[in-house]
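Each chain, written out:
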Amino acid sequence: MTDASSDLVAPPPFRRLFANQDIVRRAAELGRDLRAALGEAPPCLVQVIEGARPFARLIQRAFPGQVLHDVRAKSYQGTQSVGEVRVDLLGGLDAAAVAGREVVVLEDIVDTGRTVAALRRELLGLGATRVRVAALLSKPSRRVVEVEVEHVGFEIPDEFVIGFGMDLDERYRDLPDVVVYDADVERGAAASEA
Ligand code: IMP
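Residues numbered from 1 in each chain as written. Predicted model: local features only at pLDDT ≥ 70, side-chain atom pairs only at ≥ 80, totals over all residues. Heavy atoms only, no water.

### What to know about the pairing of strand S5 (residues 102-110)
Heads up, the condition is: The classification of residues rests on relative accessible area computed with a 1.4 Å probe and restricted to protein chains. Under 20% of the type maximum is buried, over 50% is exposed, and intermediate values are partly exposed. Secondary structure elements are taken from DSSP: a helix is a run of H or I of four residues or more, a strand is a run of E of two residues or more, and numbering for both begins at the N terminus. When DSSP finds two or more bridges between a pair of strands, those strands are recorded as paired.
Within S5, eight of the nine residues are buried, which leaves it mostly tucked inside the rest of the structure. Pairing between strand S2 (residues 44-49) and S5: four bridges, direction parallel. In the strand pairing of S5, Gln 47 is matched with Leu 106. Here S5 runs beside strand S6 (residues 130-138); their pairing, made up of eight bridges, is parallel.

If you want it as structure tokens, here you go:
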């Protein structure tokens, strides 16, 4: 039998920006805003995986019965945006799912704006009547591309955040809160464990 307690190591004491219950409350407001902004026809919901999954599940509650389509967009290495965005539309997200419909892109965080710009281009190219973006977080001071983000949970300063789906090279996605990544805090925690 394996010892489950080894999985329960406390995360480094990163500075918390948003507690889980505040995120859940804000996402419910965004869900209501989206419903009010959209017409009667059900929208095509598109989540940018992996990071947006927890946020998208909360938004989905406002649209009972609507599936979440997946898209993958890669633009980051470590804490650095590498400029080019590679967009992969995953199973079922094709012209038949999108054409003639309003599409809502659900994103964890909008930073330079390149990902949202690339997704909007791609989805309009597939025939969406309109593409609306809802993001849990936005860092307006980091924009390189002018993009409209119609629904923003919280604006934050230029800090690299992790948790609630957001990662640093696949680490820390499972933290329930949004916290600020700090390499010194991480090193300090590792040293005190050794
Ligand atoms: P953009 O294309 O520069 O707007 O970047 C959007 C993507 O970069 C997001 O979907 C995230 O995957 C990633 N990203 C940007 N800032 C952060 C951050 O502070 N923490 C984690 N991921 C981030």
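Next comes the rest of the write-up.
### Side note on the site of the ligand
Filter applied, for reference: What makes a residue near a molecule or strand is one non-hydrogen atom of that residue sitting within 4 Å of it. A 3.5 Å cut-off defines polar contacts: any pair of N or O atoms within that distance qualifies, except that in protein one atom must be a possible hydrogen donor and the other a possible acceptor, and neighbouring residues in sequence count only when both atoms are side-chain atoms. For the area figures, the Shrake-Rupley method with a 1.4 Å probe applies, and any residue is considered shielded solely by the protein chains shown.
Neighbouring the ligand are 15 residues; Asp 108, Asp 111, Thr 112, Thr 115 and Val 161 lie closest to it. Thr 112 is positioned such that a nitrogen or oxygen atom in its side chain is 2.5 Å from an oxygen atom of the ligand. Take Val 161: an N or O atom from its main chain is 2.6 Å from a nitrogen atom of the ligand. Here the ligand, which alone exposes 490 Å², has 92% of that area covered by the protein. Of all the secondary-structure elements, those providing two or more residues to the shell around the ligand are S5 and helix H4 (114-125). Ranked by residues supplied to the shell around the ligand, first place goes to S5 with four residues.

### Here we look at the pairing of strand S7 (residues 151-155)
Where burial is concerned, most of S7 is hidden: four out of the five residues are buried. Pairing geometry for S6 and S7, over four bridges, is parallel. Its bridge partner being in S7, Ala 135 is matched across the sheet by Val 152.

### What about the nonpolar core?
To be explicit about the condition: By nonpolar core is meant a set of buried Ala, Val, Leu, Ile, Met, Phe, Trp, Tyr and Cys residues that side-chain atoms within 4.5 Å join together. The contact criterion used is simple: two residues touch if any of their non-hydrogen atoms lie within 4.5 Å.
Grouped together as the largest cluster of nonpolar side chains are 27 residues, with contacts concentrated most on Phe 55, Leu 106, Leu 136, Leu 137, Val 161 and Val 178. Elements represented by at least two residues in this core include exactly helix H1 (20-37), helix H2 (53-60), S5, S6 and strand S9 (178-180). When neighbours within four sequence positions are excluded, Val 161 is seen to be in contact with Leu 17, Ile 109, Leu 137, Ile 156, Met 166, Val 178, Val 179, Val 180 and Tyr 181. Core analysis: the next-biggest nonpolar cluster, separate from the first, contains 24 residues, Val 87, Val 116, Ala 118 and Val 133 among them.

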